[in-house]
Amino acid sequence: MTINLIDYGLTTALNTQAAVFEGLVLGRVTAQHRNLYQVVTTAGDCQATVAGKFSYEKMAATDFPAVGDWVMLTPSTDTAVIQHLLPRQSVLAREAVGNSSAGQVIAANIDTIFICMSLNANFNVRRIERYLTMAWDSQAMPVIVLTKADLCDDLPEKLSALSAVSFGVDVVTCSAKTGVGYEDVAKYVTAGKTVAFIGSSGVGKSTLINHLLGRELLATKTIRADDDKGRHATTSRQLLRVPQGGMVIDTPGMRELQLYTGDLDRTFADIAALAMQCKFRDCTHTSEPGCAVQAALKSGTLSQDRLASYQKLQREMAYDGLTSRQRETEKVNRLFGGKNEMKQVIRQAKAKQRRR
């Protein structure tokens, strides 16, 4: 049976790009397992690995295929070989776990990113700001999905707090128990479009995807009642077709999300607009005269928590591109002013300890 790749998001532009590579087959990555990829082509699903030349020429982990990517490969009855990666229209990336400088592509060529957060102790406005910063940078459209509405007894307060940080972003409230909001989520999953679900473990991503698929395909886990922390249900990323059209990408829960790149101006549009009004272009928004940001703090139109969140993410993103040693030096400089100053603080602390 021939597979119609239009059902997997194939566009005229992608067809044009693929036509350049004679003798190769076009496919889309639907899953990844270490160095092996699952790829769908017009001939069906196949396993694939990257060509040796491809590996040699690529410098960063983000240059390698990820779920959602369109690739050109040499077909085989055993394992196909990926020769080229077509340009991405969007890419959702984070800092690799356990690595202080490398990036990790979560998903590629996505149209909508569902940022999922449950309406219990998992609800955290500052975490939403972090997710939005990553999502806006991806070139996909973020949508905030608030789950477990049936467990929330202060929904108006939470929505009010969220409205202060979610400029230009749709917010959907839903509940697996009552079914409220599920159809609102489904409206974003249309023919030819790809959506990705991100969020902490146990917030209901797999439950939402199962609803879209119309069957219990993905395992689900609940948030533990004793500490409101989730347990991982999804352990790898995969792209799945939705019966009514469109595709969904499920991702493992992210308890810690370190930014690799981000768009602070979109997430913090209010602060960006204020900064344009500051007297000095290089204003640090701390003690400079004519600082519009500080004026907004004093007038109460900007909260200290939001500014602190902005500055924290700004500092974090400034580490991008540095080696682990350079990052450590940068942290020392910010904390103490330099290595000599740090040594002095340590000496003073030791002297104080001896006097006790």
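Criteria and thresholds
- Residues numbered from 1 in each chain as written.
- Predicted model: local features only at pLDDT ≥ 70, side-chain atom pairs only at ≥ 80, totals over all residues.
- Heavy atoms only, no water.
- UniProt positions renumbered as here; feature names shortened; annotations may be inferred.
- Helix = DSSP H or I, 4+ residues; strand = E, 2+ residues; numbered from the N terminus.
- Buried < 20%, exposed > 50% of the residue type's maximum accessible area, 1.4 Å probe, protein only.
- Contact = heavy atoms within 4.5 Å.
- Phe/Tyr/Trp six-rings, centres within 6.5 Å; stacked < 30°, edge-to-face > 60°.
- Lys NZ or Arg CZ within 6 Å of the ring centre and 35° of its normal.
- Salt bridge = Lys/Arg side-chain N within 4 Å of Asp/Glu carboxyl O.
- Disulfide = S-S within 2.5 Å.

- The protein is annotated in an unreviewed UniProt entry as Small ribosomal subunit biogenesis GTPase RsgA of Lactiplantibacillus nangangensis.
- Listed under Sequence similarities (unreviewed entry) in UniProt, the entry text for the protein is "Belongs to the TRAFAC class YlqF/YawG GTPase family. RsgA subfamily."

## So, the UniProt feature "binding site: Zn(2+)" (unreviewed entry) in the protein
No. 1: With numbering matched to this structure, UniProt assigns "binding site: Zn(2+)" (unreviewed entry) to C278, C283, H285 and C291.
No. 2: Secondary-structure assignment places C283 in the loop between α8 (269-275) and α9 (292-299).
No. 3: By relative accessible area, C283 is classed as buried at 11%.
No. 4: Leave out the neighbours within four places in its chain, and C283 touches C278, E288 and C291.

## Here's the deal with the packing of aromatic side chains
No. 1: Under the criterion given, the structure shown has four aromatic pairs.
No. 2: On the numbers, 5.7 Å between centres and 85° between planes, the contact of F114 with Y188 is edge-to-face. Here Y188 lies in the loop between α5 (182-186) and β11 (194-199) and F114 lies in strand β8 (residues 112-118), a separation of 74 residues in the sequence.
No. 3: Since its relative accessible area comes to 0%, F114 is described here as buried.
No. 4: Seen from their ring centres, F268 and Y310 are 5.3 Å apart, and the 70° between their planes marks the pair as edge-to-face. With F268 in the loop between α7 (264-267) and α8 and Y310 in helix α10 (residues 304-317), this pair connects stretches of sequence that are 42 residues apart. We note that F268, like Y310, is buried.
No. 5: Grouping aromatic residues by their ring pairs yields a cluster made of F114, Y188 and F197.
No. 6: The residue whose ring lies beneath K58 is F54, and the NZ or CZ to ring-centre distance is 5.1 Å.
No. 7: Across from the ring centre of Y8, 5.6 Å away, lies the NZ or CZ of R241, which sits over that ring.

## Some remarks on the pattern of salt bridges
No. 1: Enumeration according to the criterion identifies seven salt bridges in this entry.
No. 2: A salt bridge links E129 to R126; the nearest nitrogen and oxygen atoms lie 2.8 Å apart. Here R126 and E129 lie together in helix α3 (residues 125-137), a separation of three residues that amounts to about one turn.
No. 3: Residue E129 is classed as buried on the basis of its relative accessible area, which comes to 0%.
No. 4: Between R306 and E129 there is a salt bridge whose closest N-O contact spans 2.6 Å. Highlighted residues: R306 in helix α10 and E129 in helix α3, separated in sequence by 177 residues. Both residues of the pair, R306 and E129, count as buried.
No. 5: Linked by salt bridges that have partners in common, R126, E129, D270 and R306 make up one network.

## Structural notes on the state of the cysteines
No. 1: The tally for this structure, following the rule as stated, stands at zero disulfides.
No. 2: Cysteine C174 is unpaired, with the sulfur of C116 as its nearest cysteine sulfur at 7.4 Å.
No. 3: For C174, a relative accessible area of 2% translates into the label buried.

## Quick word on the environment of L257
No. 1: By the element assignment, L257 lies in the loop between β13 (247-250) and α7.
No. 2: L257 sits in the buried class, given a relative accessible area of 6%.
No. 3: When the C-alpha atoms of L257 and M134 are compared, they prove to be 9.4 Å apart, with 123 residues separating the residues in sequence.
No. 4: Leave out the neighbours within four places in its chain, and L257 touches R94, R130, Y131, M134 and E316.

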